[in-house]
Amino acid sequence: MKISLNWLKEYIDISGLTAEQISATLTMAGLEVEEMDDQGKKLEKFVVGYVETKEKHPKADRLSVCTVNTGSEVSQIVCGAPNVAAGQKVPVALLGAIVPANGMEISKVKLRGVESSGMICAEDELGIGTDHAGIMILPEDAPVGTPLAEYLGLNDVIFEIGITPNRPDALSHIGVARDIAALFNRELKLPSVPAEAGKSEIEKYASVTIEDAINCPRYAAKVVKNVTIGESPVWLKTKLKAVGLRPINNVVDVTNFIMFELGQPLHGFDLDVLAGKKIVVKQAGSADKFVTLDSKERTLPANALMICDGEKPVAVAGVMGGENSEVTSNTKNILIESAYFNPTSIRKTARAVGLSTDSSYRFERGIDYANTVFAAQRAAQLIAEVSNGEVVPGFIDVYPEKKIAPEVTLRYKRVEKILGFEVSPEKIDTIVKNLGFTTVSKTADTITVTVPAFRPDIEREIDIIEEIARINGYDEIPTITSLRLPMIEIVDVTEFAAKVKNTLTSLGFYEVLTNSLTSVHLPELQDKAIKMLNPQSADMAGLRTSLLPGLLSTIKKNANVGEKDLKLFEYGRIFRQIKPTIKSFDDFTEEEQIGIVLTGNAESKEWFSAPRPFDFYDLKGLVNSFISKISLDNYLIDSYYPQVNNIFDYSFSKSYQNEVLGIGGKLSSEILHSYGIDAQVFYFEFDVPKLRQIPGKVKVHSELLKFPKVTRDCAFVLDKNVDAQVVIDFIKKNAAPILQYVGLFDIFVNDSLGADKKSLAFALEYYDFNKTLTDEEVEKDFNAIIKKVSSEFNAVLRG
């Protein structure tokens, strides 16, 4: 983006500031000046001269000897141009000047024996044109002795600024001037348009209809009649040339001027060639071919936004006008388009037609939707001035759904908290005012402002804090000579996740990562998924409430390519709705979960054995091994369920102090069929927050046992509802210290035992680290245990 320093001076007083100072300050504020071109230095020691006399060179037919008045002196200059003549005003390079075209330094020389002290220049030698047929002849009123750069308006500094995508407001001179005003606390002077007197008449000349209000929220128009198309005045051409634009004619040049002044792209239509004198904004539809202003035929996508008249397309909205409605030398009446287009629509269209313009570049980033009418009015005013036209009173402004400027509240203390240093409330107020924010309300602790339409990047309090840091100056951040940090224990939040993943990997599982978006109508979700407002597809319409959908989809994809023996796990996040209606982030929770699945064969076919499929006990064993490895096994209790819901045929859970930490089992055929899976699948899931809260088992190292163990087995017939773990805990609590281990090794259920009865068989191990136990010691405790269990659980010793 090229910015002219002379142009900036029309909107802000920069007296006392050098170009280098402005460049450095803008760069530090985020508008990086990538290059600075001081045009005046190129034409240093070039002045307007007057050829007083011209004589033929005595020794060369093609050379002339001229006496040239440069204001301060009269010099003799030998010139080889055929068009030099006495009485002309010409550009003169004085002694010591550097010619821009070739870098030659002008010095006093003799040409064929005649002394020459200077050089009369052609356009191409000055670097301002391509003409080398003769010297450049200046107008008769050019003041002799005036620095040439000043006379030609080339005493300018051009900044090449790299504009980031979030700063569309800086794609104009007023946008950059606004930043300079805020950075140096100076007043911004905005252009104005005269108030329109009389009744609006524009409805007699044109009409505007918007059929696609999503992609064109606002469309404004002005009409200028009886214009004379011609060359632009010098001031206008100078400004456009400064920013790298080629002047075309007075009407088109004004629209380009407004774009670089205000940042609002405009387009001028020949009103008389618009069918029905109307503008219709709609999608291209079947109009798949269109010839743009560059005389190229473009293929249009059906969803391209087009500007049409009563019969045909006349412009690709926001990108380029059409050849069928361009302003020509015969144009008499102009309709000025000033609109706001959806950035996404313009970006897609520009890419589809393979065309990027200054207009599309701005529309793609988001322009000031509140500035459309003013831009059209200012353009109409200038077009009337430079073309002797007449502005038709009134304007068209089709604005179906008015945008409401957002309000943001800024806490003064929050600024200090984020930046790490204090910025006074008074300075904060000045910065936001200079940046164009309007104060809505103010307290001792906060200020609420309205975000201007030209700053679409400002949405939250943190965005304004960034602006304060930027304008206040990064070099104003104080240097910290000492730093005090409290000595606190740092908790590595990733340690547990890493431990879980490493443990499951060591058990032969492969980790998978699946999408947290899923269907809202899967059986396992029970229609409790949190629905997305704008889902990309039916398969991604809600936030998952379980890791199971992703894991089953992974099993199905692997089965499709022949991989059917799988041990998979996922450590991910799920979402639970906690209120009937979701209005904010407080209405649902985000939790971590571990899910593991087994399917296919646990042992593959070998020459010595048949394949063995995974079963319920493989799942239980792997869950127990996992728990044991993360030091939780001493605290967990197993519970078994024939069927808890439509997810499992049968299942079991792991609990700690009556808190269920995880549940799993054999998945029901209903669930598996919904995914097209015809194999058995075993699944277990853990709630990570609950696992984290359980203290790990303290690991105690002891020497190897030197004395023999004594084992005893016993089996009890008791009620089916008695949990085996409860019996084990009772035995441990009531046994002598010599009982070191109790384990369940058999469960038997049969009608012969009685209704609602089962048999539990336990293995007991007795030993002492310091001596050999006697049979009497073991038998005494073993018999006591049998009596206590029989009494406590109404059990009968079996066999």
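Everything numeric in this text was worked out from a predicted model, so none of it was measured. (Residues numbered from 1 in each chain as written. Predicted model: local features only at pLDDT ≥ 70, side-chain atom pairs only at ≥ 80, totals over all residues. Heavy atoms only, no water.)

Participant: What's the story with the sheet that holds strand E27 (residues 517–518) in this structure? I'm lost.
Facilitator: Strand pairing in a sheet takes place through backbone hydrogen bonds and is either antiparallel or parallel in direction. Here we have three strands laid out as an open sheet, ordered E27-E29-E28, and antiparallel in their pairing. Each edge of the open sheet carries a strand with a single partner, namely E27 and strand E28 (530–531). Alignment of E28 against strand E29 (residues 542–543), held across two bridges, turns out to be antiparallel. Bridged to lysine 531 within E29 is glycine 542. (Pairing = 2+ DSSP bridges. Helix = DSSP H or I, 4+ residues; strand = E, 2+ residues; numbered from the N terminus.)

Participant: Explanation requested: the pairing of strand E11 (residues 207–210) in the structure shown.
Facilitator: Here E11 shows a clear split, with Val208 and Ile210 buried on one side and none of Ser207 and Thr209 buried on the other. Sheet analysis places E11 next to strand E14 (residues 278–283), joined by four bridges and oriented parallel. Directly across from isoleucine 210, in E14, lies its bridge partner valine 281. (Buried < 20%, exposed > 50% of the residue type's maximum accessible area, 1.4 Å probe, protein only.)

Participant: Just to check I follow, could you spell out the environment of alanine 315 for this structure?
Facilitator: Inspection of the secondary structure assignment puts alanine 315 in strand E18 (residues 313–316). Judged by its relative accessible area of 4%, alanine 315 falls in the buried class. Residues alanine 315 and serine 325, ten residues apart in the sequence, show an inter-C-alpha distance of 8.1 Å. Ignoring any residue separated from it by four or fewer positions in sequence, one finds alanine 315 in contact with Phe269, Phe290, Met306, Ile307, Met320, Gly321 and Gly322. (Contact = heavy atoms within 4.5 Å.)

Participant: I tried to follow the nonpolar core on my own but got confused; where do I start?
Facilitator: One broad trend across soluble globular proteins is that nonpolar side chains are buried collectively. Counting residues in hydrophobic clusters, the biggest one holds 73 residues, and the most contacted among them are Leu26, Phe159, Ile161 and Ile258. Broken down by element, this core gets its largest block of residues, eight residues, from helix H6 (residues 173–184). Among all residues touching isoleucine 258, those that are not within four sequence positions of it are Gly263, Gln264, Leu266, Ala375, Arg378, Ala379 and Leu382. Among the nonpolar cores identified, the runner-up in size contains 43 residues, and Tyr219, Ala221, Val223 and Phe363 belong to it. (Core = buried A, V, L, I, M, F, W, Y, C linked by side-chain atoms within 4.5 Å.)

Participant: Can you help me understand the pattern of salt bridges in this one?
Facilitator: Side chains that differ in charge, positive against negative, can pair when their charged atoms come close. Considering all chains together, one arrives at 36 salt bridges under this definition. Lysine 2 is the salt-bridge partner of glutamate 160, the closest N and O atoms lying 3.0 Å from each other. You can see glutamate 160 sitting in strand E10 (residues 157–162) and its partner lysine 2 sitting in strand E1 (residues 2–4), a full 158 residues away along the chain. We classify lysine 2 as partly exposed; its relative accessible area is 32%. Connected via shared salt-bridge partners are Arg167, Asp169, Asp179, Arg455, Asp457, Glu467 and Arg470. (Salt bridge = Lys/Arg side-chain N within 4 Å of Asp/Glu carboxyl O.)

Participant: It is not clear to me how the packing of aromatic side chains should be interpreted in this structure. Could you clarify?
Facilitator: Aromatic rings in a pair are described by how distant their centres are and how their planes are angled relative to each other. Within the structure shown, the criterion is met by 14 aromatic pairs. A centroid spacing of 6.0 Å and a plane angle of 75° characterise the contact between tyrosine 340 and tyrosine 369, whose relative ring orientation is edge-to-face. One end of the pair, tyrosine 340, is in strand E20 (residues 334–340); the other, tyrosine 369, is in the loop between helix H10 (358–363) and helix H11 (372–387), with 29 residues separating them in the sequence. For the pair tyrosine 340 and tyrosine 369, a shared accessibility class is recorded, and that class is buried. Considering the side-chain rings of phenylalanine 341 and phenylalanine 363, the 5.0 Å spacing of their centres and the 65° angle between planes classify their relative orientation as edge-to-face. Taken together, the residues span a long stretch of sequence, with phenylalanine 341 in the loop between E20 and helix H9 (343–353) and phenylalanine 363 in helix H10 at a distance of 22 residues. Grouping aromatic residues by their ring pairs yields a cluster made of Phe616, Tyr617, Phe626, Tyr650, Phe652, Phe684 and Phe686. (Phe/Tyr/Trp six-rings, centres within 6.5 Å; stacked < 30°, edge-to-face > 60°.)

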